[in-house]
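What the coordinates show
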Amino acid sequence: MQLIADSGSTKTDWRMLADDGSVGQARTVGFNPFYQSSEQIAHELKLSLKPKVKELVTAIFFYGAGVTGAEKAQVIMDGLKDVFPEAEHIEAHSDMLGAARALCGREKGIACILGTGSNTCQIENGEITHKVDTLGFWLGDEGSGGYLGKTLVQTYLHKELPQALHEKFEKRYPNLNRDVVLENAYQKPFPNRYFAGFSKFLFDNRTDAAAYQIAANAFGLFFEKYVQKYPDYSNYRVSLTGSVAFYYSDIIRRVAREKNITIGVIMETPIAGLTLYHQGKS
């Protein structure tokens, strides 16, 4: 049996590929080697995943947030080896490579993550060949949920929303003011998650011209600052995954057409595509 994992900091989706071709699934908490040790990872997996695995595990392919290099990958692999010592082959890779393999398989393409944050890469034959890095939440992440929410809140606080939309926002967030926003932005952890929470309002009101324009401008910047900087980007299909990519797909496709960018597939999560990749079907 092979285990495939797509992990964020909050949850991990697992697929169990049995020798007879059947596919099982499970979900556990997320794992991030920046915040968890191999021992902590192993302890959690022995409780939440091991009881669900009924066959001998021969290989594990883990893709996750925080796997930024060999050192962090080893933290994950050591934890997995503790739980599944019989596994002859264990790999741990970045969530970006996981997204790229899920979206593009073994074809060449440009793969993008648009969720709370944003990320991109160019891939061919299942390996990343080029990467245009974002500058993180405060200086980049254009097109992400964090960026959409931050832009919306800025526009609201500057009283630049049309009156009807301003009142609708005020009704939905009656206790929001400058002090609350600044406290969450500069004093509390995970400001990107805080601001990403406001992107739902933008989505719910995307038929409003002002809300639509905030989203369209964000995706336009995303394409300009990242996708259009890849060599020969116009010769590649651009595929995307993540909650923002999935739910705003209509606006993303429209903005892409205006920039002569060819959109490939858009999927909410990478796990199905990763399963096909490791089954050799993509």
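Preceding block: the structure.
Residues numbered from 1 in each chain as written. Predicted model: local features only at pLDDT ≥ 70, side-chain atom pairs only at ≥ 80, totals over all residues. Heavy atoms only, no water.

Taken as a whole and assessed by the stated rule, the structure comprises 17 aromatic pairs. Relative to F169, the ring of Y156 lies with its centre 4.4 Å away and its plane at 40°, an arrangement referred to as tilted. You can see Y156 sitting in helix 5 (residues 145-157) and its partner F169 sitting in helix 6 (residues 163-172), a full 13 residues away along the chain. With a relative accessible area of 7%, Y156 lands in the buried category. Look at F169 and you get buried, because its relative accessible area is 0%. Three or more aromatic residues joined by ring pairs form one cluster here, namely W138, Y156, F169, Y173, Y186, Y194, F195, F198 and F201. The side chain of K108 reaches across the aromatic face of Y236, ending 4.8 Å from its centre. The side chain of R206 reaches across the aromatic face of F203, ending 4.0 Å from its centre. (Phe/Tyr/Trp six-rings, centres within 6.5 Å; stacked < 30°, edge-to-face > 60°. Helix = DSSP H or I, 4+ residues; strand = E, 2+ residues; numbered from the N terminus. Buried < 20%, exposed > 50% of the residue type's maximum accessible area, 1.4 Å probe, protein only. Lys NZ or Arg CZ within 6 Å of the ring centre and 35° of its normal.)

The mixed open sheet is built from five strands, whose spatial order is 3-2-1-4-5. The strands lining the two open edges of the sheet, one partner per strand, are strand 3 (23-29) and strand 5 (89-94). Strand-to-strand twist in this sheet, taken as the mean axis angle between neighbours without regard to direction, amounts to 15°. Here seven bridges tie strand 2 (residues 11-17) to strand 3, and the two strands are oriented antiparallel to one another. Bridge pairing links M16 to G24 in strand 3. Running at roughly 95° to strand 5, helix 3 (residues 95-104) makes contact with strand 4 (59-64) and strand 5 of the sheet. (Pairing = 2+ DSSP bridges. Axes fitted to C-alpha atoms, helices over the stretch in contact; angles between N-to-C directions. Contact = heavy atoms within 4.5 Å.)

Here we take up the nonpolar core. The biggest cluster of nonpolar side chains holds 66 residues, and the ones touching the most others in it are L240 and Y248. Considering every element that reaches this core, the biggest residue donor is helix 10 (residues 209-225), with eight residues. In this view, Y248 contacts L148, S199, L202, F203, A215 and F219; residues no more than four positions away in its chain are not counted. By size, the runner-up hydrophobic cluster in this structure holds 26 residues, among which are A26, V75, V83 and F84. (Core = buried A, V, L, I, M, F, W, Y, C linked by side-chain atoms within 4.5 Å.)

Before going further, it helps to examine the side chain of S199. Relative to the assigned elements, S199 resides in helix 9 (residues 199-204). Relative accessible area serves as the criterion here: at 11%, S199 is assigned to the buried category. Residues in contact with S199, not counting those within four places in the same chain, are G145, L148, G149 and Y248.

Let's shift gears to the layout of surface pockets. Considering only enclosed or pocket space, the largest pocket measures out at about 1700 Å³ in volume. D95, I113, G115, T116 and G117 are the residues nearest the centre of the largest pocket, which is lined by 49 residues in total. Looking at the lining of the largest pocket, the elements with two or more residues in it are strand 1 (2-7), strand 2, helix 3, strand 7 (118-124), helix 4 (136-139), helix 8 (191-196), helix 9 and helix 11 (243-247). Here the residues of the lining of the largest pocket sort into 15 nonpolar, 24 polar and 10 charged. Taken as a whole, the second largest pocket spans an internal volume of roughly 200 Å³. Lining the second largest pocket are W138, K150, V153, Q154, L157, H158, R178, V181, L182, A185, Y186 and F195. When contributions to the lining of the second largest pocket are tallied by element, the ones reaching two or more residues are helix 5 and helix 7 (178-186). Sorting elements by how many residues they give to the lining of the second largest pocket places helix 7 first, with five residues. The residue makeup of the lining of the second largest pocket, split by class, is eight nonpolar, two polar and two charged. (1 Å grid on protein atoms, 1.4 Å probe; cavity = no way out; pocket = protein on both sides within 12 Å on 5 of 7 lines; lining within 4 Å. Points joined across faces, edges and corners; volume = space filled by probe spheres on them. Nonpolar A, V, L, I, M, F, W, Y, C, P; charged D, E, K, R; others polar.)

Here we come to helix 12 (residues 249-258). Looking at helix 12, one finds that the buried residues are I251, I252, V255 and A256. Mapping the buried residues of helix 12 onto a view down its axis gives an arc of 135°, with all of them on the same face. Residues of helix 12 that are buried make contact with strand 6 (109-114), helix 10, strand 9 (238-241), helix 11 and strand 10 (263-267). Just downstream of helix 12, N260 is the residue with a positive phi angle, here 55°. (Arc of directions from axis to C-beta.)

This part is about the packing of helix 3 against helix 13 (residues 271-278). Packing of helix 3 against helix 13 leaves a shortest axis separation of 7 Å and a crossing angle of 75°. Comparing their axes, helix 13 and helix 3 come out roughly perpendicular. Contact with helix 3, carried on its side by G98, R101 and A102, involves G273, L274 and Y277 of helix 13 and no other residues of that element. Tallied by class, the residues present in the contact of helix 3 with helix 13 amount to three nonpolar, two polar and one charged. (Parallel < 35°, antiparallel > 145°, perpendicular 65-115°, else oblique.)

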